[in-house]
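# Coordinate inspection notes
Residue strings, one per chain:
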Amino acid sequence: MRSFIISIVFVSALFFSLSSAGADDLPVKFDPQRDAGKDLSLAIKMAGEAEKNILLDIGGNWCIWCRIMEKWIEENKEVESCLHDNFILLKINFSPENENKEILSRFPKIEGYPHIFVLSSEGKLLHSQNTGLLENGKSYDKEKFLNFLKKWSPKKN
């Protein structure tokens with residue numbers, strides 16, 4: 001009986017680990033060691049399954065505005081919820097260690113960082129967003145950011 005219970009626990013743990021693979025496999029921080037091509041393929045798969053668009057956040061740990069935006073989103077729960085309810089977020093590193101030229105060459109030129117690209121669930125470019133237009137002083141504007149997310153949401157909240 002004990003080995004039967006252990007087997008059930010093992011199978012359950014294996015099933016949970018396989019079924020939870022996905023969001024945990026995408027980078028949560030800018031990482032020059034990541035394979036952006038593989039990450040984008042996974043994001044497209046996840047977006048198709050979840051019926052969400054993809055939000056590519058391009059930047060790096062060296063970028064003060066990238067860190068400000070990340071912290072600001074975490075602190076603004078309405079913005080964070082809207083983002084995660086409607087988009088698969090993929091952070092793609094751009095730094096001297098890894099410029100991710102192969103992936104980023106598929107998109108319009110980036111003038112400054114952070115930069116956002118919105119893709120359909122199939123990976124088609126829908127919009128290129130200069131994040132400077134979402135700023136307010138030394139931070140970001142909640143209304144502008146929410147309007148941006150809602151405009152490019154596949155669910156049109």
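To be clear, the structure that these remarks concern was listed above.
### Here's the deal with helix H2 (residues 36-50)
Every α-helix winds through 3.6 residues per turn, so residues three or four apart in the chain are directed the same way. Taking 1.5 Å of rise per residue, the 15 residues of H2 would be expected to cover 21 Å, and the 20 Å separating its terminal C-alpha atoms lies within 8% of that figure. Of all the residues in H2, the buried ones are Ala36, Asp39, Leu40, Ala43, Met46 and Ala47. The arc that holds every buried residue of H2, seen down its axis, measures 125°, which confines them to one face. Of the exposed residues in H2, the ones pointing more than 90 degrees away from its buried face are Lys38, Lys45 and Glu49. Buried residues in H2 make contact with strand S1 (53-59), strand S2 (87-93), helix H5 (101-104) and strand S3 (115-119). Capping the start of H2 is the job of one residue whose side-chain oxygen sits 3.0 Å from the backbone nitrogen of Gly37: Asp35. Phi turns positive one or two residues past the end of H2, at Glu51, with a value near 55°.

### Describing empty space enclosed by the protein
One way to see where empty space is left: roll a probe the size of a water molecule over the atoms. Summed over the entire model, instances satisfying the criterion amount to one cavity of 30 Å³ or more. Considering only enclosed or pocket space, the largest cavity measures out at about 40 Å³ in volume. Every element with two or more residues in the lining of the largest cavity is listed here: H2 and S2. When residues of the lining of the largest cavity are assigned to their parent elements, the largest contribution, three residues, is made by S2.

### Digging into the pairing of S1
Among the seven residues of S1, seven are classified as buried, and the element is accordingly described as predominantly covered. Neither face of S1 is exposed, since Asn53, Leu55, Asp57 and Gly59 on one face and Ile54, Leu56 and Ile58 on the opposite face are all buried. Summarising the sheet, S1 and S2 pair through seven bridges and their orientation is parallel. In the sheet register, Leu55 faces S2, and the bridge partner there is Leu89. For S1 and S3, the ladder comprises five bridges, and the chain directions are antiparallel. Among the inter-strand pairings, Leu55 is bridged to a residue of S3, identified as Val118.

### Examining the nonpolar core
In terms of nonpolar packing, the biggest core is built from 18 residues, with Ile54, Leu56, Ile58, Ile88, Leu90 and Ile92 touching the most fellow members. Looking at this core, the elements that each hand over two or more residues are H2, S1, S2, H5 and S3. Once residues within four sequence positions are removed from consideration, Ile54 is found in contact with Ala43, Ile44, Ala47, Phe87, Ile88, Phe117, Val118, Leu119 and Ser120. If you look at the next biggest cluster of nonpolar residues, it comprises 17 residues, including Leu55, Met69, Ile116 and Phe145.

### Section: the side chain of Ser121
Tracing the chain through its elements places Ser121 in the loop between S3 and strand S4 (125-130). Taking relative accessible area as the criterion, Ser121 reaches 18% and is therefore assigned buried. A distance of 3.1 Å separates a polar atom in the side chain of Ser121 from a polar atom in the side chain of Glu122. With sequence-adjacent residues up to four places away left out, Ser121 is seen in contact with Ile44, Ala47, Gly48, Lys52 and Asn53.

Conventions we followed
- Residues numbered from 1 in each chain as written.
- Predicted model: local features only at pLDDT ≥ 70, side-chain atom pairs only at ≥ 80, totals over all residues.
- Heavy atoms only, no water.
- Helix = DSSP H or I, 4+ residues; strand = E, 2+ residues; numbered from the N terminus.
- Expected span 1.5 Å × (residues − 1).
- Buried < 20%, exposed > 50% of the residue type's maximum accessible area, 1.4 Å probe, protein only.
- Arc of directions from axis to C-beta.
- Contact = heavy atoms within 4.5 Å.
- Polar contact = N/O pair within 3.5 Å; in protein donor to acceptor, adjacent residues only side chain to side chain.
- 1 Å grid on protein atoms, 1.4 Å probe; cavity = no way out; pocket = protein on both sides within 12 Å on 5 of 7 lines; lining within 4 Å.
- Points joined across faces, edges and corners; volume = space filled by probe spheres on them.
- Pairing = 2+ DSSP bridges.
- Core = buried A, V, L, I, M, F, W, Y, C linked by side-chain atoms within 4.5 Å.

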